[in-house]
Amino acid sequence: NAGVTQTPKFQVLKTGQSMTLQCAQDMNHEYMSWYRQDPGMGLRLIHYSVGAGITDQGEVPNGYNVSRSTTEDFPLRLLSAAPSQTSVYFCASSYSTGTSGSIEQFFGPGTRLTVL
Amino acid sequence: AQKITQTQPGMFVQEKEAVTLDCTYDTSDPSYGLFWYKQPSSGEMIFLIYQGSYDQQNATEGRYSLNFQKARKSANLVISASQLGDSAMYFCAMTEGGTALIFGKGTTLSVSS
């Protein structure tokens, strides 16, 4: 199992450019989510998905789009990059036991994005 | 209002000592899960320990234990016998529906010899 993979590892964009951060998992997990981490902050939820075809907004969704056409993939799109989107982005997948939430969230290695 | 509060920006401990990292949470959902993650300077998120709201016993994983006090809404991480490799950022997090996590701002732990 590769777990959760993210590409690219590093990316530099100019203001106004668009791009897609890729995330894939091979564990057949129902739930996937995107977080951003800024200095001095914990991870903040951008968007999440509870299954193929179902997505919802998190705490900081503005400027980002997601879709979930398959269980495995959950790409994050930046429509028009801004310097405020400079951050480290983490993708995660998890499953629910149906009781007190999921047992474990599996994180990808992260993508470090700089917007100039 | 913050759902996860970590009040210690930084903690310092000597090798072989025990250390407690504080975490309080806020939720009205009776079903929730609490997590601790470690983030070393290399940046990856490492899962340490999980506690479900209905679990009767405190969770333990090797040198890590979670001191779960439900009435006080606290979920402190205890690391016994600290090692130099424990130096990292530690995050407390909560899930209310098993879908995604809400994180605290983290505590930086520094272990010295």
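Residues numbered from 1 in each chain as written. Chains lettered and ligands numbered in written order. Predicted model: local features only at pLDDT ≥ 70, side-chain atom pairs only at ≥ 80, totals over all residues. Heavy atoms only, no water.

Draft legend 1. Highlighting the overall build of chain B. Scanning chain B from N- to C-terminus turns up zero helices and 12 strands. Each helix and strand of chain B, ordered N terminal to C terminal, gives the series β-β-β-β-β-β-β-β-β-β-β-β. What you see for chain B is a C-alpha radius of gyration of 13 Å, in line with the 13 Å of a compact globule of 113 residues. Relative to its 113 residues, chain B shows a buried fraction of 49%. (Helix = DSSP H or I, 4+ residues; strand = E, 2+ residues; numbered from the N terminus. Rg over C-alpha atoms; globule rule 2.2 N^0.38 Å. Buried < 20%, exposed > 50% of the residue type's maximum accessible area, 1.4 Å probe, protein only.)

Draft legend 2. The arrangement of the pattern of salt bridges in detail. All names here are of chain A. According to the stated counting rule, one finds four salt bridges over all chains in the structure shown. Between D38 and R44 there is a salt bridge, with the nearest N and O atoms lying 2.6 Å from each other. The class for D38 is buried, based on a relative accessible area of 11%. By relative accessible area, R44 is classed as partly exposed at 21%. Salt bridges here are not isolated pairs; linked through shared partners, they connect R36, D38 and R44. (Salt bridge = Lys/Arg side-chain N within 4 Å of Asp/Glu carboxyl O.)

Draft legend 3. Structural context of the interface of chain A and chain B. On the side of chain B, 23 residues touch chain A, which itself brings 21 residues to the contact. The contact between chain A and chain B buries some 1700 Å² in all, and 59% of this surface belongs to carbon and sulfur atoms. Counting the contacts that link chain A with chain B gives zero salt bridges. Where chain A packs against chain B, one counts three residue pairs in polar contact (both at pLDDT 80 or more). The element best represented in the side of chain A that touches chain B is strand β10 (residues 102-107) of chain A, accounting for five residues. Considered class by class, the residues forming the side of chain A that touches chain B number 10 nonpolar, 10 polar and one charged. (Contact = heavy atoms within 4.5 Å. Buried area = accessible area lost by both parts, 1.4 Å probe. Polar contact = N/O pair within 3.5 Å; in protein donor to acceptor, adjacent residues only side chain to side chain. Nonpolar A, V, L, I, M, F, W, Y, C, P; charged D, E, K, R; others polar.)

Draft legend 4. Seen up close, the nonpolar core. In this structure, Y25(B), W36(B), I49(B), L77(B) and Y90(B) are the most contacted members of the largest nonpolar core, which totals 24 residues. Among the elements of the structure, β3 (19-21), β5 (33-39), β6 (46-52), β8 (64-69), β9 (74-79), β10 (88-95) and β12 (107-112) of chain B are those that each provide at least two residues to this core. A per-element tally of this core places β10(B) first, with four residues. Contacts of Y90(B), omitting those with residues within four sequence positions, involve Q6(B), L21(B), W36(B), Y37(B), K38(B), L48(B), L77(B), I79(B), G106(B), T107(B) and L109(B). Grouped together as the second largest cluster of nonpolar side chains are 20 residues, V4(A), L78(A), A81(A) and V115(A) included. (Core = buried A, V, L, I, M, F, W, Y, C linked by side-chain atoms within 4.5 Å.)

Draft legend 5. Representation of unusual backbone geometry. All names here are of chain A. Of the consecutive residues T7 and P8, the connecting peptide bond is found in the cis state with omega at -5°. Relative to the assigned elements, P8 resides in the loop between β1 (4-7) and β2 (10-13). The phi dihedral of N28 is positive, around 60°, even though this residue is not glycine. Relative to the assigned elements, N28 resides in the loop between β3 (19-25) and β4 (31-37).

Draft legend 6. Geometry of the state of the cysteines. Counted according to the given criterion, the structure contains two disulfides over all chains. C23(A) shares a disulfide with C91(A); S-S distance 1.8 Å. Measuring the twist about the S-S bond at about -70°, one finds the C23(A)-C91(A) disulfide to be left-handed. Of the two residues, C23(A) sits in strand β3 while C91(A) sits in strand β9 (residues 87-96), which places them 68 residues apart along the sequence. C91(A) carries the same exposure label as C23(A), and that label is buried. Residue pairing for C23(B): its cysteine sulfur links by disulfide to C92(B), the two sulfurs lying 2.0 Å apart. Handedness here is read from the sign of the S-S torsion; for C23(B) and C92(B), about -65°, the answer is left-handed. One end of the pair, C23(B), is in the loop between β3 and β4 (24-25); the other, C92(B), is in strand β10, and 69 residues separate them in sequence. With relative accessibility at 1%, the residue C23(B) sits in the buried group. (Disulfide = S-S within 2.5 Å.)

Everything listed here is a matter of coordinates, which is why it stays silent on function.
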